[in-house]
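Inside the fold
Here is what each chain is made of, one letter per residue.
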Amino acid sequence: MSDLSVEEARQLVERMKLFAQPQRLMILEALLERGSLAVGELETCTGIGQPTLSQQLGALRRAEIVVPRRESRTIHYSLASEEEALRVRALIGLLRGDRAALPALRAVSERYALNNRTTAQREAEGGAQFAFIRTADTSRP
């Protein structure tokens, strides 16, 4: 049986839909490679027109993948966190078949595994696990 629940699968599919749009991937890669960018800079480096760019940034903002920062009359966008940057780097690298993305893929995988442990698994990693292993080892003939 899979550890992936139906609800988690649905959430992952919704997340994948966010990345399954060419302009969004272009925006995310630009932010990944260049850091925080003003909307005009994003328009210039991606070639995406302002109305479409605003629409796609809105979707990424609602999904909390990017965050806006107002500076006077200019709005700058950046990836919401290092975690999001890591996911974007891993995903784009995976889709490109880029071996240079393997460290990012490993890091995402490790973080995902750490974040999705059950309470019992977290507790088992503490001193109780050591005592359990020791008890199990000493009871063998």
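- Labelled according to an unreviewed UniProt entry, the chain appears under the name ArsR family transcriptional regulator, originating from Acetobacter ghanensis.

**Some words on the overall build of the chain**
- Along its length, the chain carries 8 helices and 3 strands.
- Its helices and strands taken in sequence order, the chain reads α-α-β-α-α-β-β-α-α-α-α from the N to the C terminus.
- The contacts of the chain with a sequence gap of at least 6 include a subset with a gap of at least 24, amounting to 46%.

**Quick notes on the nonpolar core**
- Ranked by internal contacts, the top residues of the largest apolar core, which has 20 residues, are Ile27, Leu28, Leu31, Leu42, Ile65, Val66 and Leu79.
- When residues of this core are traced back to their parent elements, those giving at least two are helix H1 (6-19), helix H2 (22-34), helix H4 (50-62), strand S3 (74-79) and helix H5 (82-96).
- With 5 residues, the top contributor of residues to this core is H2.
- When residues of this core are sorted by domain, at least three fall in each of domain 1 (1-80) and domain 2 (81-128).
- Those residues in contact with isoleucine 65 that sit more than four places away from it in its chain are Arg15, Leu18, Phe19, Leu28, Leu60, Ser78, Leu79, Ala80 and Glu84.

**Brief notes about the sheet that holds strand S1 (residues 37-38)**
- One open sheet holds the 3 strands; their spatial order is S1-S3-S2, and the pairing between them is antiparallel. A strand with exactly one partner marks an edge of an open sheet, and here the two such strands are S1 and strand S2 (66-71).

**Notes on the pairing of S2**
- Here 6 bridges tie S2 to S3, and the two strands are oriented antiparallel to one another. For valine 66, the partnering residue across the bridge sits in S3 and is leucine 79.
- With antiparallel pairing between neighbouring strands as the criterion, S2 and S3 make up a hairpin whose turn holds 2 residues, including serine 72 at a positive phi of roughly 60°.

Calculation notes
- Residues numbered from 1 in each chain as written.
- Predicted model: local features only at pLDDT ≥ 70, side-chain atom pairs only at ≥ 80, totals over all residues.
- Heavy atoms only, no water.
- Helix = DSSP H or I, 4+ residues; strand = E, 2+ residues; numbered from the N terminus.
- Contact = heavy atoms within 4.5 Å.
- Core = buried A, V, L, I, M, F, W, Y, C linked by side-chain atoms within 4.5 Å.
- Buried < 20%, exposed > 50% of the residue type's maximum accessible area, 1.4 Å probe, protein only.
- Domains from an automatic or database assignment.
- Pairing = 2+ DSSP bridges.

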